[in-house]
Structure formats: structure tokens, C-alpha cells
Amino acid sequence: MKKSAAILLLLFCALLTKAQKPGDIVVLYDNDVHCAVKGYPVMAGLRDSLERMGCHVAVVSAGDFSFGGPIGAISKGEYIVKLMNAAGYQFACLGNHEFDYGMHQLQVLKDNADATYLCLNLRTTDNNRQLFIGSASLSLGGKQFHFIGITTPSTLNTSSHTSFQDNQGNIKYHFSEKDLATIVQNSIDSARKQDVDYIVLLTHLGDVPGPTSSRYIIEHTHGIDLVIDGHDHHVLPFDRCSNDRNQTVTLSSTGTQFQYIGMATIGDNGTFQTRLLSVDSLAQAGCISQSVTDTLNAINHKLEMRGSKIVAHCHVRQIAEENDIRVCRLRETNLGNLVADAYRETMKTDIALVNAGGLRSNIDTGAITHNMLYAVSPFDNEIVSISALGQDIINALETGAREYPSAEGCFLQVSGLSFIINANTPSSVKLSDNGRLLSIDGPRRVKKVKVNGRKINPKRRYTIAGPSYILLDGGNGFNFPSAQLIATSPLSDLQMLEEYIQSHLQSIISYPIVTVPSRIVFSR
């Protein structure tokens, strides 16, 4: 009976993978999983099925695997490493969110991982020393593969600045943003001298036009065969790009949250063919590793013991995201109001600022557990109060609105403030080389700023609550030159939100859905 079930499973998986032939070389890949751990048993099950068919299989990730949910936040990424070890990953490019736990914890994850962590472009500012292995080779089916990892330079602005600073606050690392294509080409040239057959780039760059996008790297280099990209969460089953010698390079991305597993094979003409396989379909077909499932179940049991306690009830859905769009990065939302009010009330300040990139999940109606709140605020951010001049607050609002209508994490949710954004006015915000606000040299988008109903005084000091990431560390480009630290809360952002809900809201969340905004108003 067991033998029959195994044969049936093999047939199911063969159908979904279009029945690879014995001896085929297959690269399985993901990107931007963000703690959606349901996919790891499936990834391992697919690998096992392909290997039973006689295929030669590599399993790789293009970054942002360790951060984005309670299972990552509670363990600071260590549970994710255990699952990736169990699933048999061999290489992983570092995404920007791998740095969110700090450099020390990233080193712990690296040391515990069976996969080789690749990051070619993270260097020290003093002597350009490389911090991680940039590339590594793997023999697969008699062919030599060389994998190169590239991390987005925007990491300096999207992860905690303190990870990249010395004791004096100076930036001590860079991501080679000024010569990224050059260092990639140098790495390719070095690998080609070793007679490798195929070069695969694992990039966490995204597709926003510019010299640090995956397509730009392809177009300004030669010698690459396949690029597996992350960061933008695009679903890209298969694309062909031309390099600087007009040769074809394959590009693919799997989206996010383990929607798909990518599968790259080598065609008869020697070029890579890629396609995406639905994780849900694979799971329904039975492509699931029991051993990885057992590992996941053991971890989930620990999480349930810790985080299943009901801490509140939600009567009105609190919104960060709608239809896969992070609307809290585009407009005032009730979740943004809830979190900002929690910071202002707890820290007893005039106003509060919350970078929308820190709001990661909705709160749905019904019973709310500790783990559900972890999903909202998984960064374990330090909350501080500062005093700063009104002009710095005005500049911060302008900095937060600079990327609109792009849904970026710098967009600010607020408490104690109201203002108008004219989206038709082009942003004139300029950032310095270290990613902080440098100047605002043209017309401003933000108008009519009020603090608790009264016109803001640019020369007066106000008290502000919020994450130290934006108020003190320069995260997301913010800069408060006049800042004076008042207090650092012993509570993390999550703990503060939970305490506010229980103490001030009597454990009932009913912030109304924002239909007519009163804090952040748009004009045309």
C-alpha cells in the first residue's frame, strides 16, 4: 500500500513538473517568502520527487526569507533557518530584511545555516573589505554552476541604520551602489576563468528603473545565464533580456509569500527555461516532505504555546493592506491611527509618527492573539520620545510624502497631526549620500500642518513619539537635526501596542475605517 501511494505521489508531481527526464538539471528557487513557512515542506517535497526521477536539483533563495511574521520575529529568524536547513537550501542571497535583526544576529543566522549566504556588494567604507562570501560554485549533473548574490543598496535606508553605523553614528558599510554593474562583471570574469558552465545571479534588487535594478545589471554586463530576482514581489514566470553583447539572459521572480516555487531547467539550446509552480497545487497533489512538515509542526507547537493567548477582540477590521496593496503607505488608515495613537498616548507626547513600512499586517475581526499582533509589528522596534522644532516635523512630513503615489515604507501615519498633501506637486526632497534628508529646495507637497488643531509653529519645540529607527537613526531618509532625546520606552513597539489596546481600549479594537480622512488629506 505504501509503495502504491509513493508511485501515485510521483505521478502527481511528475504531471505538475511536466515530467522532467532522468539526468535533467533543475534549480528550484523562491524570493521574498517573508516567513510564509507553508512552502518549505512543499519545496522539499518537490526536490525529493525530482531527485527520485533522477534529476540533479539545487535549491536557492533570492532573499527576504527570515523576516515578516511571528515565526521570524519571535526567533529573530532562527526558526526560518531551521526550516531552510530541513528543506535543503544550498544558497541564499541576502535580502534587505535579513539585516533587520542587526548585524550580530545576521551572523548568528549565517553560522547556523546550511545554505551559503551570498552578498557580493556589502563592503566596508574604510577599506572596501567584503563582509560576506559574494559567490560560490556547485557541481550539478556534471556541470559547474556559479552563484553570485547581490543585495539592494536601498538596504541602508530600509533597515535599521544602527546596523551600519559605528559608535559615532558614521556609516561604516556600503552596498557598492555607485559601481554595482562593475563589481558584478568582475565577479563573472573571475568565475569564467575557472571554466564554469553556467552563472546564476541571485539578486535582491527589484525592477525599478535605475543603475541598481536587476535589468540594468543584465543590460550592462555579459556572461550571466540566469537571474533570479527579488525585492519588488513581482510575479515573473519567464522573461528574456539582452546583455551588453546582445546575448539572451533569462530573468524570473516568484512573487512573495510562497505563492509559487520557481523551476529553472536547461533547454536543448543550452539556455535556461523557467516556470512557476503553484505551492497550493503542489501541496494538494501531495508534494510535501514529511520530515520538513514534522520540523514545522514542532516549531508551530512552540509558537502556539507562546502566542495563542487571546489578548483582545477586534470589532472593526484594522487595515494595512487591501487587494495586495499596502494602502497604509498611500493614505490614512485606521490601523495607522491605532498604532500612532498608542505611541502618543503611552509616551505622553504632542504627536506621534509611524513609518508605514513598520505596519505589516491587517487585524481582522474576532479574537486577537499575541501572534496576530506580532504580525502587525514584527520589527521589535525601540520606541522613543524626543523634542524637536516644528520645522523638523514639517520636513519629516515632506520626506514621508516624497515617493507618493508609489507605496513606500517612508509614508507616515500620524497622531496629533493633520496636514494636506498636494500630489500634483513634484517632490523636491533630496537625500544625502548616507540616505538622510539633505534639503528641500523646491515647492512643497505638504501644506497646512496642524498640531492638535492649531497651526504648527516652525520655531517651537514639540514632543514626538515614534520608532527610534525614524526619529534618531535616520531610517527611511528622515532627519531631525534639532532632536533631543526625552525617553526610551522599556516596551517594544509590539508590547506598547498590546498594552494600549488592553489598558486604554479595554481590549476592544473598534477604530473606524477611514472613509473621510481627517489626519492626512489629499488635494489635487
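The structure under discussion appears in the preceding block.
The written sequence of each chain sets the order in which its residues are numbered from 1. Only residues with pLDDT of at least 70 get local features here, since the model is predicted, and only at 80 or more are side-chain atom pairs given and counted; chain-wide, interface and lining totals rely on the full set of residues. No hydrogens and no water enter the side-chain calculation; it runs on all heavy atoms of the structure.

**Student:** What exactly am I supposed to notice about the overall build of the protein chain here?
**Tutor:** Scanning the protein chain from N- to C-terminus turns up 15 helices and 28 strands. Computation of the radius of gyration draws on C-alpha atoms, with the globule rule given as 2.2 Å multiplied by the number of residues to the power 0.38. Taken over C-alpha atoms, the radius of gyration comes to 24 Å for the protein chain, in line with the 24 Å a tight globule of 524 residues would show. Referenced to the eigenvectors of the C-alpha coordinate spread, the extents of the protein chain come out at roughly 75 × 55 × 45 Å. Considering only intrachain contacts with a sequence separation of at least 6, the fraction spanning at least 24 residues in the protein chain is 75%. Per-residue and other accessible areas were derived by the Shrake-Rupley procedure at a 1.4 Å probe size, with only the shown protein chains allowed to occlude residues. Of the roughly 21,400 Å² of accessible surface on the protein chain, a fraction of 49% belongs to carbon and sulfur atoms. Counting 46 positive and 49 negative side-chain charges, the protein chain places the centres of these two groups 4 Å from one another. Under the scheme used here, helices are H or I runs from DSSP no shorter than 4 residues and strands are E runs no shorter than 2 residues, and both carry numbers assigned from the N terminus. Any two residues having at least one pair of non-hydrogen atoms within 4.5 Å are treated as being in contact. Neither His nor the chain ends is counted toward charge; the positive residues are Lys and Arg and the negative residues Asp and Glu. The atom standing in for a charge is NZ when the residue is Lys, CZ when it is Arg, CG when it is Asp and CD when it is Glu.

**Student:** Sorry, what's going on with the nonpolar core here?
**Tutor:** Generally speaking, soluble globular proteins have nonpolar side chains that are buried together. Take the buried residues of types Ala, Val, Leu, Ile, Met, Phe, Trp, Tyr and Cys, join any two whose side-chain atoms come within 4.5 Å, and each joined set is a nonpolar core. For the exposure calls, accessible area comes from a 1.4 Å probe over protein chains only, and a residue counts as buried if that area is under 20% of its type's maximum, exposed if over 50%, partly exposed in between. Ranked by internal contacts, the top residues of the largest apolar core, which has 120 residues, are Leu28, Tyr40, Ile71, Leu338 and Leu353. Looking at this core, the element that brings in the most residues is helix α11 (residues 334-347), giving seven residues. Residues within four places of Ile71 in sequence aside, it is in contact with Cys35, Val37, Tyr79, Ile80, Leu83, Leu296, Ile299, Asn300 and Leu303. Ranked by size, the runner-up nonpolar core spans 22 residues in total, among them Tyr29, Phe91, Ala136 and Val200.

**Student:** Please clarify how empty space enclosed by the protein should be interpreted in this entry.
**Tutor:** Rolled over the atoms, a probe sized like a water molecule indicates the empty space that remains. For cavity detection a 1 Å grid was placed over the protein atoms alone, and a set of points counts as a cavity when a 1.4 Å probe fits there but cannot get out; an open set counts as a pocket when protein lies on both sides within 12 Å along at least five of seven lines, with lining residues being those that have an atom within 4 Å of a point. Grid points are joined across faces, edges and corners, and a volume is the space filled by probe spheres set on the points. Taken as a whole, this structure holds two cavities of 30 Å³ or more when the rule is applied. Considered as a void within the structure, the largest cavity measures approximately 50 Å³ in volume. Looking at the largest cavity, the residues that line it are Tyr343, Val354, Asn355, Gly358, Leu359, Ser377, Asn381, Pro467 and Asp493. Residue lining of the second largest cavity: Leu397, Gly400, Ala401, Phe411, Leu412, Phe419 and Ile421, and that is the complete set. Breaking the lining of the second largest cavity down by element, the ones donating at least two residues are α13 (390-400) and β20 (417-422). Charged residues are taken to be Asp, Glu, Lys and Arg, nonpolar residues to be Ala, Val, Leu, Ile, Met, Phe, Trp, Tyr, Cys and Pro, and polar residues to be all remaining types, Gly included. Residues belonging to the lining of the second largest cavity are distributed by class as follows: six nonpolar, one polar and no charged.

Taken by themselves, the reported measurements are silent on function.
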